[in-house]
Structures are given as C-alpha cells and as structure tokens.
Amino acid sequence: MPATYGLIDGNSFYCSAERVFDPALHRVPVVVLSNNDGCAIARTPEAKALGIRMGDPWHLVRGRAELRPVRWRSSNYALYGDMSRRVYQVLAERVPRVEPYSIDEMFLDLDVPRDLASFCAGLRAAVLRIAKVPTCVGWGPTKTIAKLANGLAKDHAELGGLCDLTDPAERAAWYQRLPVGEVWGIGSRTQEKLARLGVASIADFIDADPRAMRDLLTVVGGRVQAELRGTSCLPLQMMVATRKGLACTRSFGRPVTRWSEMREAVAAYAHRAAEKLRAEELEACHPAVFMHTDPHAKGERYQHLQHAARIEPTGDSRDLIAEAVRMAEGLWRDGLRYAKAGVVLNDLVPAGQQARLFATREPRASARTMAVMDAINRQHGAGTLRPAATGIARSWSTRRAMLSPRYTTHISEIMQATAL
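The shown structure was predicted, so the numbers you read here are calculated from the model rather than taken from an experiment.

Enquirer: How do you make sense of the sheet that holds strand β11 (residues 303–307) when you look at a structure like this?
Expert: Across the sheet, which stays open at both edges, the four strands sit in the order β9-β12-β10-β11 with antiparallel pairing between neighbours. Every interior strand has two partners, whereas the edge strands, β9 (245–256) and β11, have only one. On average, each strand axis in the sheet is inclined to that of its neighbour by 15 degrees, with strand direction left out of account. Where β9 meets strand β12 (residues 338–350), eight bridges bridge the pair, whose relative direction is antiparallel. The residue of β12 that forms the bridge with Ser-251 is Lys-340. Where helix α11 (residues 259–279) meets the sheet, it contacts β9, β10 (282–293) and β12, and its direction lies at approximately 150 degrees from that of β9. Packing of helix α12 (residues 317–331) onto the sheet brings it into contact with β10, β11 and β12, and relative to β10 it is tilted by some 30 degrees.

Structure (structure tokens):
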C-alpha cells in the first residue's frame, strides 16, 4: 500500500464541465439540474452565493428575481462521463496508480520522489490546462485522511486548493476543530450515536476506546477510527469488483398513458442496460421491470415490480428487450398516468463463461451483432443504431429542455471553428 494517498476532486464538476466549451458561462452562476430538470444537483460558487441550495426544485426557484442571472443546464451525463475520462488520463500519465472513486473524485498513489506540495500543485495545473477542469487535492497517510484533506482544500480558500495532512501535529490541530460528521463514512445517524457518548469532534473519536467503537459502529467504524489514527486499512483498488446488478430507470417527461409509449420506454431502458452490460463484458440471468404512477399526484396510485424466471445468460439487447416487454405487458393497467419505469438486471456473470447445456440462443452470432452495433455507436454517437422497438420520436422521454451539446461524444455536436 502507498505510504501517501491523495484525493483529487473536480470543483462543482458538472458545472465546470459545462463551462469548458461555453465561455459565456465563466464567472456567472451556473446550476445543473437532475433528471427531468427536477432539482439542483451541482452549483458554482456564484450560484451558492445567491442562496441556491442542493436539491432546490427548479420549478419553485426559477421565478425568483434575484436568480435571473443564473444559467440553468439539464444534466448532460455523456459530457460529464467523457470529461471524467479525460481527467483520469491526465492523472494516469503522472502518478503511479489512480483509483476512480466517483465521476469527479479519484484516489492517487502519491509515492513519488518529489516534494508533494509542488507535485500536487502541478497535478492541479495539468488537469486545468489539459482537461480544463478546476480541482482540489488533499493527501495523507490513509484514504480517510486524504478524503478529509480534500474537503478542507475545498472549504478553505486560504489553502489554495491544496491540503497536506501527512504531519501528525497538523492533523491533530484540525481534528480538534472539526466535528466528527466531517469524516468520510460517518453519516448523520452515526454522528447522533456518537454524540450520545460525548464524541463530538474528530479528536474525541480517535481518542475513544477502539473496542467500544467497534461494538457501536461495527468493524467499519473501527476501520475508520484506525484510518484517522494513520493506519491504512483501505488499499487502492486497481481491479473494479464485478457488479452483481445494474439498472436503467427514468422518470418520464410527461405522464405516460398509452401502452405503445410504455412499451417503447421499457425497450429503450432494456437496450441501455444491455449496453452497460456489454461495456463491462457481463451478461444477465435475472431481469426485472417496474413501473409506477406519481405518488404525489391526484388519482389512483399504482406501483409494481415483476421479476422474470432465470434466463440463459445474455447481453443481447434483443433478448433483454423481449423479456422486459413481456414483463411490462403483465404489469400494465389501462387508465393510469405512469410517471416512471425501469429495467433491473441481476445475477450478472462474466460474458461467455457461463455453461449452456441446452442453449436456445446462438451466443457467437449474438456477440458479433452487438459488437457491430456498439462499434457504430462509439464512432458516430450513442443511439445512432438501435433496435426499432426503442422508438423514434420518444415523446415520453425525460425532459431536458436546457441540454448542452455532447461536445466530445457525438460527431454532429462537436464544436466547429469558423473563419471570421
């Protein structure tokens, strides 16, 4: 395990990704909204200064006079995912090992033969210069300490986006000042349990009896305490654990009232889930489908989930669409206004490794067909080639009225240089 871990985190990552290709968004308040343009999920400092909170519903705050300068954007996950990939590439060329933790956070192996402060400042500069994403970096002897240091680098402007917690005396000074709820892995309920024992600060937590902490918070809490004391318990994970399941679910842009629309939506979700499977070289054995009405709207409420019997392992969009539509048809009830549906895939196995004693599908032909479709979509943009069952107009699709172009992943939406 490394002697020093780092954590680099994109500042207001979704908003920063939007700013990369749109100079008009620089130095103005920007907010990225959740699916269906529902609520705020990312805010620039300028937007926070106007009082916009995480989770504020757009339809309630958009009319406020003081928010007229705000630029609202629908979530553009194709763009954000590709910008995350670019950040990863910059880092992978400069540090021994990188572990993506989330779309905007990556743990780093910082066992490098250089002064860490200048090295991490150089990393920030390289990411900003090449990927155009501003970041903060924190580092320390464990992942938990690196995560804490990163939070301090973001919250304290005087640190200049960098925080070093490798020195025990420096850590101790911060531990005295910070509430235990600032620690990665300690949520509000855990904080309440600790408060009842008189544990308020991080310093209180690391001074507490380890056995008592394990009894109260299980082995996970004991591991957090050990990490805060400087004992590394969480190595870098260079191999991603195999998924056990995945899902594709969406709220509709408007209530769905016709079976033809629901059939298209379920087929589209099954196809997208199959694409995720193939990207990770997996197959599914146990699909499920759900649909429900809006629990907050007037009218009859309905919510139901249908599991299929175990099927032959497959990552073929056509197979999964057929199974999903069959289950959805059994769930459908006329006369309701459906707000959301989804496809869930469970019992995932490595592609091509599950024995098929009495196979009813031809796996090699299926794999070739899917490989051709995926290659075309990678080259020309997602959705260029897709099963007809997924629909054409898709009037039911998620509302994204303020969607920016997919500048880096769709050939028809890339930026164009024109002569003046």
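Okay, back to it.
Enquirer: Just to check I follow, could you spell out the pattern of salt bridges for this structure?
Expert: Once their charged atoms are close, side chains differing in charge can pair, the charge on each being opposite to the other. One pass over the structure, following the stated rule, counts 20 salt bridges. Its salt-bridge partner being Arg-97, residue Asp-109 comes within 3.3 Å of it at the nearest N-O pair. With Asp-109 in strand β6 (residues 105–109) and Arg-97 in the loop between α4 (77–92) and β5 (98–102), the pair connects residues that are 12 residues apart, well separated along the chain. Owing to a relative accessible area of 7%, Asp-109 belongs among the buried residues under this scheme.

Enquirer: What should I look at first to understand the environment of Ile-52 in this one?
Expert: Its place among the elements puts Ile-52 in the loop between α2 (45–49) and α3 (58–61). The spatial distance from the C-alpha of Ile-52 to the C-alpha of Ser-412 is 34 Å, given a sequence separation of 360 residues.

Enquirer: Looking at this structure, how should I read the side chain of His-292?
Expert: With respect to the secondary-structure elements, His-292 resides in strand β10. The class for His-292 is buried, based on a relative accessible area of 17%. In contact with His-292, not counting residues within four places along its chain, are Tyr-302, Gln-303, Tyr-338, Ala-339 and Lys-340.

Enquirer: In this structure, what is going on with the UniProt feature "domain: UmuC" (unreviewed entry) in the chain? I would like to understand it.
Expert: UniProt records the feature "domain: UmuC" (unreviewed entry) for residues 5–187 in the present numbering. Spanning residues 5–187, this segment combines 39% helix with 20% strand, and its end C-alpha atoms are found 23 Å apart.

Enquirer: Sorry, what's going on with the sheet that holds strand β8 (residues 162–164) here?
Expert: Sheet strands pair via backbone hydrogen bonds, and the direction of the pair is either parallel or antiparallel. The strand order across the open sheet formed by five strands is β5-β6-β1-β7-β8, and the pairing between neighbours is mixed. With one partner strand each, in any of the chains shown, β5 and β8 form the two edges of the open sheet. Going across the sheet, the axis of each strand differs from the next one's by a mean of 15 degrees, ignoring polarity. The pairing of strand β7 (residues 135–140) with β8 spans three bridges and is parallel. Bridging from a neighbouring strand, Gly-138 pairs with Cys-163 of β8. Seen against the sheet, helix α5 (residues 116–130) touches β1 (5–10), β6, β7 and β8 and runs at an angle of roughly 155 degrees to β7.

Reading guide: rules and limits
Residues numbered from 1 in each chain as written. Predicted model: local features only at pLDDT ≥ 70, side-chain atom pairs only at ≥ 80, totals over all residues. Heavy atoms only, no water. Pairing = 2+ DSSP bridges. Helix = DSSP H or I, 4+ residues; strand = E, 2+ residues; numbered from the N terminus. Axes fitted to C-alpha atoms, helices over the stretch in contact; angles between N-to-C directions. Contact = heavy atoms within 4.5 Å. Salt bridge = Lys/Arg side-chain N within 4 Å of Asp/Glu carboxyl O. Buried < 20%, exposed > 50% of the residue type's maximum accessible area, 1.4 Å probe, protein only. UniProt positions renumbered as here; feature names shortened; annotations may be inferred.

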